[in-house]
Amino acid sequence: MLDIHVIRAEPERIAEALRKKNVDADLEILLEKDRRHRELSKETDDLKHLRNTVTRQINDKKRQKLDATDDIQEMRRVSARIKENDQRIMELQEEIRDHLIRLPNTPHESVPVGQTEKDNVEVRRYGTFRDFSFTPKDHLALGESLGLFDFRRGAKISGSGFPLYIGQGARLERALLNFMLDVHTLEHGYTEIYPPFLVNSASATGTGQLPKMAEDMYYLDEDDLWLIPTAEVPVTNIHREEMIPLEDLPLKYTAYSGCFRREAGSYGKDTRGFQRLHQFNKVELVQFCHPDESYDTLEKLVGHAEVILQKLELPYRVVELCSADLSFAAAKCYDIELWSPAEEKWLEVSSCSNFEDFQARRSQIRFKDTDGKNRFVHTLNGSGVATPRLLIAILENYQNEDGSIRIPDVLKKYTGFDTIA
């Protein structure tokens with residue numbers, strides 16, 4: 001959530017920053033409500049001070065057996081006005097908050113300005129494309145011929161977009177999750193979390209999924225619970241409404257979770273096989289850090305996600321998102337994309353974002369700085385990596401001409417086999 005004090009002080013700068021995200025926000029309505037809220041609050045404070053003063057005078061008159069009827073009548077009118085003001089102040093507070101939670105985060109000044117994903121900027125590449133001596137098959141043909149997954153039966157069970165993993169496919173999926181968790185906990189110093197897969201509305205609002213993304217999420221109305229789109233939501237909310245000791249920062253968590261996304265409007269776009277799913281697995285990275293360190297932390301976070309792909313010896317590139325392609329809550333974001341040799345295109349496999357204090361302000365996650373002042377932490381999130389497109393890259397890049405799959409060396413101890421045939 002944006003800081004109303006900053007919007008009040010620099011409305012034109014904030015409006016221009018939001019336009020870089022292709023958001024034309026009417027801040028005048030918000031600022032008018034804020035102005036009215038402050039006026040009413042001052043007026044009400046003055047009336048309460050007057051009531052206290054006159055009440056003492058009334059008590060003095062009563063002790064002196066003097067007539068206080070006019071004063072009493074006046075204070076009844078004042079009290080009625082205070083009650084009316086208090087009600088309107090609460091309404092304005094709710095209206096202001098409702099307006100604020102619908103405004104996206106502003107992009108960091110270093111973010112390239114652009115209108116679409118075509119304006120994203122490639123930062124670096126790793127690895128080289130494999131030179132195939134045969135025409136590579138896509139992951140669907142490979143997986144189905146080897147009996148690794150069954151999309152038809154998955155659709156029968158739950159509907160399109162819900163994969164069914166079988167045999168060595170299920171074991172490879174589990175191996176990837178265990179491998180990533182081990183790397184992040186043992187090599188990068190993250191604390192492993194196994195979070196709930198359902199969260200309440202307060203949690204989803206705190207990280208910015210609500211109200212913006214409500215149509216893209218699965219909701220259990222009777223229980224007011226939402227299936228999580230990513231472990232970022234429950235893990236960030238571990239410290240909602242808490243004061244984190246300064247000496248505990250940074251906090252680094254990694255978590256496996258199932259992820260559930262309705263993704264309204266996505267149908268027909270990259271829906272083949274694992275490219276776009278309603279349920280998938282992912283290992284998430286979440287950090288809480290001091291505001292002065294968050295952009296250095298973002299670069300380290302991206303590096304942690306990259307290590308996974310480097311160990312798997314998969315070609316990838318890092319892309320910095322332009323302003324218009326940033327998520328609702330992100331101030332800056334890098335995507336990591338893997339190469340699909342069969343599709344001959346890049347597939348996003350990880351997204352690493354700095355939310356600055358946007359989520360912390362919504363969730364009231366603070367710390368006491370060295371100057372004794374309470375400040376909001378900065379939160380960062382990175383997928384360390386989503387398995388569906390990682391599976392695509394492994395199957396397609398490690399395929400043999402006979403249709404078998406060689407297991408990457410770092411995964412062999414997790415799968416228990418060297419080849420899928």
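Residues numbered from 1 in each chain as written. Predicted model: local features only at pLDDT ≥ 70, side-chain atom pairs only at ≥ 80, totals over all residues. Heavy atoms only, no water.

Draft legend 1. Layout of the overall build of the protein chain. Counting its secondary structure elements, the protein chain contains 13 helices and 16 strands. With the C-alpha coordinates of the protein chain rotated into their principal frame, the extents come out at 105 × 45 × 40 Å. Classification of the 421 residues of the protein chain by burial places 52% in the buried group. Across the protein chain, every contact between residues at least 6 apart in sequence was considered, and the portion connecting residues at least 24 apart equals 75%. As displayed, the protein chain has an accessible area near 20400 Å², and 46% of this comes from carbon and sulfur atoms. For the protein chain, the distance from the average site of its 58 positive side-chain charges to the average site of its 72 negative ones is 4 Å. (Helix = DSSP H or I, 4+ residues; strand = E, 2+ residues; numbered from the N terminus. Buried < 20%, exposed > 50% of the residue type's maximum accessible area, 1.4 Å probe, protein only. Contact = heavy atoms within 4.5 Å. Areas by Shrake-Rupley, 256 points an atom, 1.4 Å probe, with all protein chains shown as cover. Lys, Arg positive; Asp, Glu negative; His and termini not counted. Charge placed at Lys NZ, Arg CZ, Asp CG, Glu CD.)

Draft legend 2. Just helix α7 (residues 168–187), in detail. In a regular helix each residue adds 1.5 Å, so 20 residues correspond to 28 Å; α7 covers 27 Å between its end C-alpha atoms and thus fits that length. The set of residues buried in α7 consists of Gly169, Leu172, Glu173, Ala175, Leu176, Leu177, Phe179, Met180, Leu181, Val183 and His184. Two residues or fewer past α7, Gly189 is found with a positive phi of approximately 80 degrees. (Expected span 1.5 Å × (residues − 1).)

Draft legend 3. Examining the sheet that holds strand β3 (residues 198–200) more closely. Taken in spatial order, the three strands make up an open sheet running β3-β5-β4, and their pairing is antiparallel. Looking at strand neighbours, the two that pair on one side only are β3 and β4 (219–220), the edges of this open sheet. Here β4 pairs with strand β5 (residues 225–227) via two bridges, running antiparallel. Across the sheet, residue Leu220 finds its bridge partner in β5, namely Leu225. (Pairing = 2+ DSSP bridges.)

Draft legend 4. Representation of the pattern of salt bridges within the structure. This model, assessed by the stated rule, comprises 30 salt bridges. Glu16 is the salt-bridge partner of Arg19, the closest N and O atoms lying 3.1 Å from each other. Here Arg19 pairs with Glu16, and both are found in helix α2 (residues 11–19), just three residues apart, close to one helical turn. Assessed through its relative accessible area of 40%, Arg19 is described here as partly exposed. According to the relative accessible area criterion, Glu16 is partly exposed, its value standing at 36%. Its salt-bridge partner being Lys33, residue Glu95 comes within 3.6 Å of it at the nearest N-O pair. (Salt bridge = Lys/Arg side-chain N within 4 Å of Asp/Glu carboxyl O.)

Draft legend 5. Highlighting the side chain of Ser383. Here Ser383 lies in strand β14 (residues 378–386). A distance of 3.0 Å separates the side chain of Ser383 from the backbone nitrogen of Ser351, its partner in a polar contact. Each residue touching Ser383, except ones within four places of it in the same chain, is listed here: Lys282, Val283, Glu284, Ala305, Val349, Ser350 and Ser351. (Polar contact = N/O pair within 3.5 Å; in protein donor to acceptor, adjacent residues only side chain to side chain.)

Draft legend 6. The packing of helix α3 (residues 27–63) against helix α4 (residues 69–100), seen in detail. Close contact between α3 and α4 brings their axes to 8 Å; oriented N to C, the two are set at 155 degrees. Taken together, the axis directions place α3 and α4 in an arrangement best described as roughly antiparallel. Taken as a pair, α3 and α4 cross one another with a handedness that is left-handed. Tallied by class, the residues present in the contact of α3 with α4 amount to 15 nonpolar, seven polar and 13 charged. (Axes fitted to C-alpha atoms, helices over the stretch in contact; angles between N-to-C directions. Parallel < 35°, antiparallel > 145°, perpendicular 65-115°, else oblique. Left-handed = near helix turned anticlockwise from the far one by under 90°. Nonpolar A, V, L, I, M, F, W, Y, C, P; charged D, E, K, R; others polar.)

Draft legend 7. Up close: the packing of α7 against helix α12 (residues 387–397). Relative orientation of the contacting elements α7 and α12 amounts to 110 degrees, with a least axis distance of 11 Å. Here α7 lies roughly perpendicular to α12, going by the angle between them. Between α7, through Leu172, Glu173, Leu176, Leu177 and Met180, and α12, the contact on the second element is made entirely by Thr387, Leu390, Leu391, Ile394 and Leu395. When its residues are assigned to classes, the contact of α7 with α12 shows eight nonpolar, one polar and one charged.

Draft legend 8. View of the nonpolar core. Core analysis: the biggest nonpolar cluster contains 57 residues, and Leu309, Leu312 and Leu390 have the highest contact counts within it. When residues in this core are grouped by element, the largest group, eight residues, is from α7. Setting aside chain neighbours within four positions, we find Leu312 in contact with Leu176, Phe179, Leu390, Ile394, Tyr398, Pro408, Val410 and Leu411. Counting 24 residues, the second largest nonpolar core, distinct from the first, contains Ile7, Leu27, Leu31 and Phe355. (Core = buried A, V, L, I, M, F, W, Y, C linked by side-chain atoms within 4.5 Å.)

Draft legend 9. Structural context of unusual backbone geometry. In this model, Leu210 is joined to Pro211 through a cis peptide bond whose omega is 0 degrees. A cis amide bond, omega 0 degrees, links Leu249 with the succeeding residue Pro250. For Pro250, the location among the structural elements is in the loop between β6 (242–243) and β7 (251–260). Of note, the phi angle at Glu313 is positive, near 55 degrees, even though the residue is not glycine. Topologically, Glu313 is positioned in the loop between α10 (294–311) and β9 (316–320). Backbone geometry places Glu356, a non-glycine residue, at a positive phi of 50 degrees. Here Glu356 shows up in the loop between β11 (345–354) and α11 (358–363). When its relative accessible area of 18% is taken as the criterion, Glu356 is described as buried.

Draft legend 10. Representation of a negative patch on the surface in the model. A cluster of acidic side chains, namely Asp221, Glu222, Asp223 and Asp224, defines a negative patch on the protein surface. For Glu222, the position within the fold is in the loop between β4 and β5. (Patch = residues over 30% accessible without salt bridge, like charges linked within 9 Å, V, L, I, M, F, W, Y side chains within 5 Å.)

Draft legend 11. Expanded view of the sheet that holds strand β13 (residues 374–376). With mixed pairing, three strands are arranged side by side in an open sheet as β6-β12-β13. For this open sheet the edge positions go to β6 and β13, each flanked by a neighbour on one side alone. Sheet topology note: the strand β12 (residues 365–368)/β13 ladder contains three bridges and is antiparallel. When the sheet's bridge partners are listed, Lys368 is paired in β13 with Asn374.

Draft legend 12. Main features of α10. An ideal rise of 1.5 Å per residue puts 26 Å on 18 residues; α10 measures up with 26 Å between its terminal C-alpha atoms. All of the buried residues along α10 are Ser294, Thr297, Leu298, Leu301, Val302, His304, Ala305, Glu306, Val307, Ile308 and Leu309. Directly beyond the C-terminal end of α10, a positive phi value near 55 degrees is found at Glu313.

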